[in-house]
Amino acid sequence: MSIEVNNESGVEVRQEELVRLIRHILNAMFLHPQTEVSVILADVETMEKLHLEWMDEPGATDVLSFPMDELRPGTSSMSTPAGLLGDIVLCPVIAQEQASAAGHSMEDELLLLTTHGMLHLMGYDHGEPEEKEEMFGIQRELLSNFLGKDAPRETMQ
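Residues numbered from 1 in each chain as written. Predicted model: local features only at pLDDT ≥ 70, side-chain atom pairs only at ≥ 80, totals over all residues. Heavy atoms only, no water.

Notes on helix 4 (residues 106-121)
- If you check helix 4, its first and last C-alpha atoms are 22 Å apart, about what 16 residues at 1.5 Å a residue would give, namely 22 Å.
- Helix 4 sits mainly inside the fold: 14 of its 16 residues count as buried.
- Just downstream of helix 4 lies glycine 123, where phi reads positive at about 95°. (Helix = DSSP H or I, 4+ residues; strand = E, 2+ residues; numbered from the N terminus. Expected span 1.5 Å × (residues − 1). Buried < 20%, exposed > 50% of the residue type's maximum accessible area, 1.4 Å probe, protein only.)

What follows is the structure in structure tokens.
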């Protein structure tokens, strides 16, 4: 697995924890061992620009996902082919605001947002109630298993 994390946010973040989580998710979802993922930790200004450019929505957001090879989860008997899963962009400043409002740590919020972003890279969405129920259920399960405790409640914008 190739997992690259670039912190361009100016906020100190435990990057090794994000890498461990991504490895956990890739294994749990049966993606090929040579799957590539990139994470960028961005400042608010950069996130505002990306949000407007890619989603046509003003203001900063917490997480954006940019799928590349359209890889989908595999099964225990058949993993996905090797490939580039995509890029996740996280905004630690927004994560801190959401964590404070929700009553958990910024670290837990970044893990929650990373899990959310990873599921988007694998084709999950939450535009419809049934999709949201499925995606958020998988998200809670993956994060709870990683943390060894209940996942923090969802705060995604």
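Having put the structure on the table, let's press on.
Notes on the sheet that holds strand 3 (residues 63-67)
- Taken together, the four strands give an open sheet; going across it, the order is 1-2-4-3, and neighbouring strands pair in mixed fashion. The sheet is open, and its two edges are formed by strand 1 (2-7) and strand 3, each paired on a single side. Across the sheet, the axes of successive neighbouring strands diverge by a mean angle of 15°, strand direction being ignored.
- Against the sheet, helix 2 (residues 44-55) contacts strand 3 and strand 4 (84-90), and its axis sits at roughly 50° relative to strand 3.
- Lying over the sheet, helix 4 contacts strand 2 (36-41), strand 3 and strand 4, oriented at roughly 145° with respect to strand 4. (Pairing = 2+ DSSP bridges. Axes fitted to C-alpha atoms, helices over the stretch in contact; angles between N-to-C directions. Contact = heavy atoms within 4.5 Å.)

Considering the nonpolar core
- Among the nonpolar cores identified, the biggest contains 37 residues, and Leu26, Met29, Leu85, Leu90, Met118, Leu119 and Met122 are the most heavily contacted of them.
- Counting only elements with at least two residues in this core, the list comes to strand 1, helix 1 (15-28), strand 2, strand 4, helix 4 and helix 5 (129-147).
- A total of eight residues in this core trace back to one element, the largest contributor, which is helix 4.
- Grouped together as the second largest cluster of nonpolar side chains are nine residues, Leu50, Phe66, Cys91 and Ile94 included. (Core = buried A, V, L, I, M, F, W, Y, C linked by side-chain atoms within 4.5 Å.)

A short note on the packing of helix 1 against helix 4
- Put simply, helix 1 and helix 4 touch, their axes get as near as 10 Å, and they point 35° apart. Between helix 1 and helix 4 the crossing geometry is right-handed. From helix 1, Glu17, Leu18, Leu21, Ile22, Ile25 and Leu26 reach across to helix 4, where they touch Leu110, Leu111, Thr114, Thr115 and Met118.
- Counted by class, the contact of helix 1 with helix 4 contains eight nonpolar, two polar and one charged residues. (Left-handed = near helix turned anticlockwise from the far one by under 90°. Nonpolar A, V, L, I, M, F, W, Y, C, P; charged D, E, K, R; others polar.)

Thoughts on the pairing of strand 2
- Sheet topology places strand 1 next to strand 2; six bridges connect them, and they run parallel. Within strand 2, the residue paired with asparagine 7 across the bridge is leucine 41.
- Bridging between strand 2 and strand 4 involves six bridges; their strand directions are parallel. Within strand 4, the residue paired with serine 38 across the bridge is aspartate 87.

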